[in-house]
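Here's the letter readout for the chains.
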Amino acid sequence: MPIMRLWHGRLPREKGDAYERFLIERAVPDYSSVDDLLKLYFTRRDEENETHFLLVTIWDSWESIKKFAGENPELAKYYPEDDDFLLEKEKYVQHYEIFYEK
């Protein structure tokens, strides 16, 4: 059964474009290095003063998530550069089993 992994981050709006580029250049290759990644959606929502990013990834198994995130897949994975962008580093991600898809 595939598993959806959700990560959320928020940052000052003026850093949104730079963070989007960073995600494409740094995070996409990292996620894509795991063969069992099925889908990758990086989404963005701009508000008045903040920008929110929701990263939605679909994996084929818990083992594939562990290949990416480590032995405790509930913990969010961060890059050193995230300190320059994010207002806070949420400790946990969310996982959902996908039981139906059309």
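Residues numbered from 1 in each chain as written. Predicted model: local features only at pLDDT ≥ 70, side-chain atom pairs only at ≥ 80, totals over all residues. Heavy atoms only, no water.

Under an unreviewed UniProt entry, the name given to the chain is Antibiotic biosynthesis monooxygenase, and the organism recorded is Thermococcus gorgonarius.

Turning our attention to empty space enclosed by the protein. Empty space among the atoms becomes visible once a probe the size of a water molecule is rolled across them. One pass over the full model with this rule turns up one cavity of 30 Å³ or more. Roughly 90 Å³ of internal volume is contained in the largest cavity. If you trace the largest cavity, you find 13 residues lining it, with Trp7, Tyr31, Leu55, Lys77 and Tyr79 closest to the centre. Where the lining of the largest cavity is concerned, the elements lending two or more residues are strand S1 (3–12) and helix H1 (16–32). Considered class by class, the residues forming the lining of the largest cavity number 10 nonpolar, no polar and three charged. (1 Å grid on protein atoms, 1.4 Å probe; cavity = no way out; pocket = protein on both sides within 12 Å on 5 of 7 lines; lining within 4 Å. Points joined across faces, edges and corners; volume = space filled by probe spheres on them. Helix = DSSP H or I, 4+ residues; strand = E, 2+ residues; numbered from the N terminus. Nonpolar A, V, L, I, M, F, W, Y, C, P; charged D, E, K, R; others polar.)

Here we come to the sheet that holds S1. Reading across the sheet, the four strands line up as S2-S3-S1-S4 and stay open at both edges, with antiparallel pairing between neighbours. Lying at the two open borders of the sheet, with one neighbouring strand each, are strand S2 (37–46) and strand S4 (94–97). Between one strand axis and the next, the sheet turns through 20 degrees on average, direction left out of account. Strand direction decides the pairing type here: S1 and strand S3 (residues 50–59), joined by 10 bridges, are antiparallel. Opposite Arg10, over in S3, you have His52 as the bridge partner. (Pairing = 2+ DSSP bridges. Axes fitted to C-alpha atoms, helices over the stretch in contact; angles between N-to-C directions.)

Turning next to the environment of Glu50. Within the element layout of this structure, Glu50 appears in strand S3. Overall, the relative accessible area of 22% leaves Glu50 in the partly exposed class. A polar atom in the side chain of Glu50 sits 2.5 Å from the side chain of Arg10. (Buried < 20%, exposed > 50% of the residue type's maximum accessible area, 1.4 Å probe, protein only. Polar contact = N/O pair within 3.5 Å; in protein donor to acceptor, adjacent residues only side chain to side chain.)

Right, let's get into the nonpolar core. With 20 residues, the main nonpolar core has Trp7, Tyr19, Leu23, Tyr31, Phe53 and Trp59 as its most contacted residues. At five residues, H1 tops the list of elements feeding residues into this core. Those residues in contact with Trp59, other than ones at most four positions away along the chain, are Pro2, Ile3, Arg5, Tyr31, Val34, Asp36, Leu37, Leu38, Ser64, Ile65 and Phe68. (Core = buried A, V, L, I, M, F, W, Y, C linked by side-chain atoms within 4.5 Å. Contact = heavy atoms within 4.5 Å.)

What follows is about helix H2 (residues 62–69). Regarding H2, the residues found buried are Ser64, Ile65 and Phe68. Along the axis of H2, the buried residues cluster in a sector spanning 100 degrees; they form a single face. Packed against the buried residues of H2 are S1, H1, S3 and S4. Just downstream of H2, Gly70 is the residue with a positive phi angle, here 105 degrees. (Arc of directions from axis to C-beta.)

Before going further, it helps to examine the packing of aromatic side chains. Think of a pair of aromatic rings as described by two things: how far the centres are apart, and how the planes are tilted against each other in angle. Taken as a whole, this structure holds 10 aromatic pairs when the rule is applied. Put simply, the rings of Tyr19, Phe22, Phe53, Tyr79 and Phe85 touch in pairs and so form one group of aromatic residues. The cationic tip of Lys77 hangs over the ring face of Phe68; the distance from NZ or CZ to the ring centre is 4.2 Å. One cation-aromatic arrangement involves Lys89 over Tyr78; the distance from NZ or CZ to the ring centre is 5.4 Å. (Phe/Tyr/Trp six-rings, centres within 6.5 Å; stacked < 30°, edge-to-face > 60°. Lys NZ or Arg CZ within 6 Å of the ring centre and 35° of its normal.)

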